[in-house]
Amino acid sequence: MPMRLRPFLWTDYPAVRSLWDACLGATYPVTDRVLMPRLSARTDFEPGDVIVAVERGAIVGLAVTEFDTAFPASQPAGSLNAVLVDPAFRRRGIGRQLVEAAFRRLSERGAVAVTLSYGAWRFWSGVPDNCADAAEFFARCGFVDGNEVIDLCADLSAFAPKEEYARGLAEA
């Protein structure tokens, strides 16, 4: 059975979560609290904004779009917040098909421009520097690097707030 694209359904969530872990989990682990709302809990979400690639009943790819309803009506914009393809299914055109489907979806919603990971519900801004293959892929899909992306991370495992800050937060 050939690969097909279709809208994300909540019954797909466990497979989508596994796909994230297979593609990005080692570098960008994500909790359900972060992933779930980015798939369909946004106020501007419409069914079809998240697209899955299915082959032989398995989810092998994902595209997450976001239409920016706050953008001026003269320049409605969309954001492509994530494109994932199972490592075992890469280099077969699935990523390109997901990007094209995302473009169609955002165009249907009225977008005249698309940015990478620019929306309020993005996972990160742009393409992280440590994802060189992704940056090359998006360049081949027509995206142009127009801004510097700064990815800052801090380890909070040993963090303890100062007592006066903790007290002030508790009183708030």
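Residues numbered from 1 in each chain as written. Predicted model: local features only at pLDDT ≥ 70, side-chain atom pairs only at ≥ 80, totals over all residues. Heavy atoms only, no water.

Student: What is the right way to read the sheet that holds strand β1 (residues 4–7) from this model?
Tutor: Whether parallel or antiparallel, the strands of a sheet pair through hydrogen bonds between backbone atoms. If you trace the five strands from one edge of the open sheet to the other, you get β1-β2-β3-β4-β5, paired in mixed fashion. The strands lining the two open edges of the sheet, one partner per strand, are β1 and β5 (113–116). Between one strand and the next, the sheet's axes are offset by a mean angle of 30°, whatever the strand orientation. Across six bridges, the pairing between strand β2 (residues 50–55) and strand β3 (residues 58–68) is antiparallel. Paired with valine 50 across the two strands is valine 64, which belongs to β3. Set on the sheet, helix α1 (residues 13–24) makes contact with β2, β3 and β4 (77–85); between it and β3 the angle comes to about 95°. (Pairing = 2+ DSSP bridges. Helix = DSSP H or I, 4+ residues; strand = E, 2+ residues; numbered from the N terminus. Axes fitted to C-alpha atoms, helices over the stretch in contact; angles between N-to-C directions. Contact = heavy atoms within 4.5 Å.)

Student: Looking at this model, I keep getting lost on the packing of helix α3 (residues 94–108) against helix α4 (residues 132–140). Mind explaining?
Tutor: How two helices sit against one another is set out by the angle between their axes and by the gap between those axes. Between α3 and α4, the shortest axis-to-axis distance is 11 Å and the interhelical angle comes to 55°. The angle between the axes of α3 and α4 places the two elements in the oblique class. Seen along the crossing, α3 lies across α4 with a hand that is right-handed. On α4, the residues touching Gly95, Arg96 and Val99 of α3 are Phe137, Phe138 and Arg140. Tallied by class, residues from the contact of α3 with α4 come to three nonpolar, one polar and two charged. (Parallel < 35°, antiparallel > 145°, perpendicular 65-115°, else oblique. Left-handed = near helix turned anticlockwise from the far one by under 90°. Nonpolar A, V, L, I, M, F, W, Y, C, P; charged D, E, K, R; others polar.)

Student: Hey, could you run me through the nonpolar core in this one?
Tutor: Note that soluble globular proteins tend to have their nonpolar side chains buried in a common cluster. By size, the foremost hydrophobic cluster in this structure holds 42 residues, and its most contacted members are Trp20, Leu80 and Phe138. Among the secondary structure elements, those contributing two or more residues to this core are α1, α2 (32–40), β2, β3, β4, α3 and α4. Apart from residues no more than four positions distant in its own chain, tryptophan 20 is found in contact with Gly25, Tyr28, Pro29, Val30, Leu35, Leu84, Phe123 and Trp124. (Core = buried A, V, L, I, M, F, W, Y, C linked by side-chain atoms within 4.5 Å. Buried < 20%, exposed > 50% of the residue type's maximum accessible area, 1.4 Å probe, protein only.)

Student: For this particular structure, what's the right way to read the packing of aromatic side chains?
Tutor: The description of two aromatic rings rests on the distance between their centres and on the angle between their planes. Following the criterion strictly, the structure yields five aromatic pairs and no others. Here phenylalanine 8 and tryptophan 10 contribute two aromatic rings whose centre-to-centre distance is 5.2 Å and whose plane-to-plane angle is 75°, an arrangement assigned as edge-to-face. The partly exposed category is assigned to tryptophan 10, whose relative accessible area is 43%. Between phenylalanine 137 and phenylalanine 138 the ring centres are 5.1 Å apart and the planes differ by 65°, which places this aromatic pair in the edge-to-face class. (Phe/Tyr/Trp six-rings, centres within 6.5 Å; stacked < 30°, edge-to-face > 60°.)

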